[in-house]
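# Descriptive structure summary
Letter by letter, the chains look like this.
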Amino acid sequence: MDYIAAREHAQAAEEQLALQEPVSLRSIKSHLEGFRGRQIIIKPIDNTPTDKVCGLWFGLDDMDLILHAQAASEVHRQQIILHEFAHMILRHDQEEATHDYASVFFPDLDPERVVTALKRTDFFDEFEVTAELLADRLAARIRISQERSGGQPGNFGAVFG
């Protein structure tokens, strides 16, 4: 794993986004929805089937769905969501989701609607490291934007549950 290359890749991806100030979790979400041409829904998970799940990105037939575990703080929750956004930005491929896997998270949903899923299997592979580095860069942009405006996180809880 080439950490320097991963850091450079994350930096280039952030620069290519061309985010407009002020930068917030909401503005990044809107930017990605426009870029991807589909709605992104973000929901917390009350009971994850495993304690190893922080965040999941599911590509449904008509939207992207990000599920995140309960976090100890708003900053931690934001980081989980930014990590999943980073996978989208970096265009990391998703795997075909099996019906069994989908039914664990969506017992009431027709499994045919869940098309793909991205889940962490190794925290130290190139995709995960690069996504985390990009999430860190996005979080820094949000903090800098807030400092410049003297603002607060901007109704985070009302927007993302």
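Before reading further, recall that the structure is shown in the block above.
Everything numeric in this text was worked out from a predicted model, so none of it was measured. (Residues numbered from 1 in each chain as written. Predicted model: local features only at pLDDT ≥ 70, side-chain atom pairs only at ≥ 80, totals over all residues. Heavy atoms only, no water.)

### What to know about the pattern of salt bridges
Basically, it comes down to this: For this document, the term salt bridge refers to a Lys or Arg side-chain nitrogen within 4 Å of an Asp or Glu carboxyl oxygen. Elements are defined by DSSP. Helices are runs of H or I of four residues or more, strands are runs of E of two residues or more, and each kind is numbered from the N terminus. The cut-offs for exposure are 20% and 50% of the maximum accessible area for each residue type, with area from a 1.4 Å probe on protein chains only; residues under the lower value are buried, those over the upper are exposed, and the others partly exposed.
Within the structure shown, the criterion is met by eight salt bridges. Note that Arg141 and Glu21 form a salt bridge whose closest N and O atoms lie 3.5 Å from each other. Separated by 120 residues along the polypeptide, Arg141 in helix α5 (residues 126-149) and Glu21 in the loop between α1 (3-17) and α2 (25-36) bring together distant segments of the chain. Residue class for Glu21 comes out partly exposed when judged on its relative accessible area of 40%. One salt bridge connects Arg36 with Asp64, and the closest N-O pair in it is separated by 2.6 Å. Linking Arg36 in helix α2 with Asp64 in strand β3 (residues 63-69), this pair joins segments that are 28 residues apart in sequence. For Arg36, a relative accessible area of 27% translates into the label partly exposed.

### Structural notes on the nonpolar core
Inclusion rule: Only buried residues count toward a nonpolar core. Its members are Ala, Val, Leu, Ile, Met, Phe, Trp, Tyr and Cys residues joined through side-chain atoms within 4.5 Å. Whether two residues are in contact is decided by their heavy atoms: any pair within 4.5 Å suffices.
Counting 28 residues, the largest nonpolar core has Ile28, Leu82, Phe85, Leu134 and Leu138 as the members making the most contacts within it. Taken together, the elements giving at least two residues each to this core come down to α1, α2, β1 (39-45), α3 (74-89) and α5. Broken down by element, the residue count for this core peaks at eight residues, all from α5. Here Leu82 is in contact with Leu25, Ile28, Ala135, Leu138, Ala139 and Ile142, once residues within four sequence places are set aside. Listed in part, the seven residues of the second largest apolar core include Ile45, Leu60, Met63 and Leu65.

### Quick look at the pairing of strand β2 (residues 55-60)
Look at any regular strand and the pattern is simple: side chains alternate between the two faces of the sheet. Stated formally: Pairing between two strands requires that DSSP report at least two bridges joining them.
With six of six residues buried, β2 is to be regarded as a mostly interior element. Here β2 shows no split at all, with Gly55, Trp57 and Gly59 on one side and Leu56, Phe58 and Leu60 on the other all buried. Sheet analysis places β2 next to β3, joined by five bridges and oriented antiparallel. Bridging from a neighbouring strand, Phe58 pairs with Leu65 of β3. Here β2 folds back onto β3, and the loop between the two strands holds two residues.

### Description of the pairing of β3
Within β3, seven of the seven residues are buried, which leaves it mostly tucked inside the rest of the structure. A two-sided burial pattern is seen for β3, the buried positions comprising Met63, Leu65, Leu67 and Ala69 on one face and Asp64, Ile66 and His68 on the other.

### Let's talk about the packing of α2 against α3
How two helices sit against one another is set out by the angle between their axes and by the gap between those axes. We count it as follows: Every axis in this analysis is a line fitted to C-alpha atoms, fitted for helices over the stretch in contact. Angles between the N-to-C directions lie between 0 and 180 degrees. We call two directions roughly parallel when the angle between them is under 35 degrees, roughly antiparallel when it is over 145, roughly perpendicular when it lies between 65 and 115, and oblique otherwise. Two helices crossing with the near one rotated counterclockwise from the far one by less than a right angle form a left-handed crossing, whereas a clockwise rotation gives a right-handed crossing. Three classes are used: nonpolar for Ala, Val, Leu, Ile, Met, Phe, Trp, Tyr, Cys and Pro, charged for Asp, Glu, Lys and Arg, and polar for all others, with Gly counted as polar.
One way to put it is that α2 packs onto α3 with a least axis distance of 11 Å and a crossing angle of 25°. Comparing their axes, α3 and α2 come out roughly parallel. In the crossing of α2 with α3, the sense of the turn from one axis to the other is left-handed. Residues Leu25, Ile28, Lys29, Leu32 and Arg36 of α2 pack against Gln78, Ile81, Leu82, Phe85, Met88 and Ile89 of α3. Its residues assigned to classes, the contact of α2 with α3 comprises eight nonpolar, one polar and two charged.

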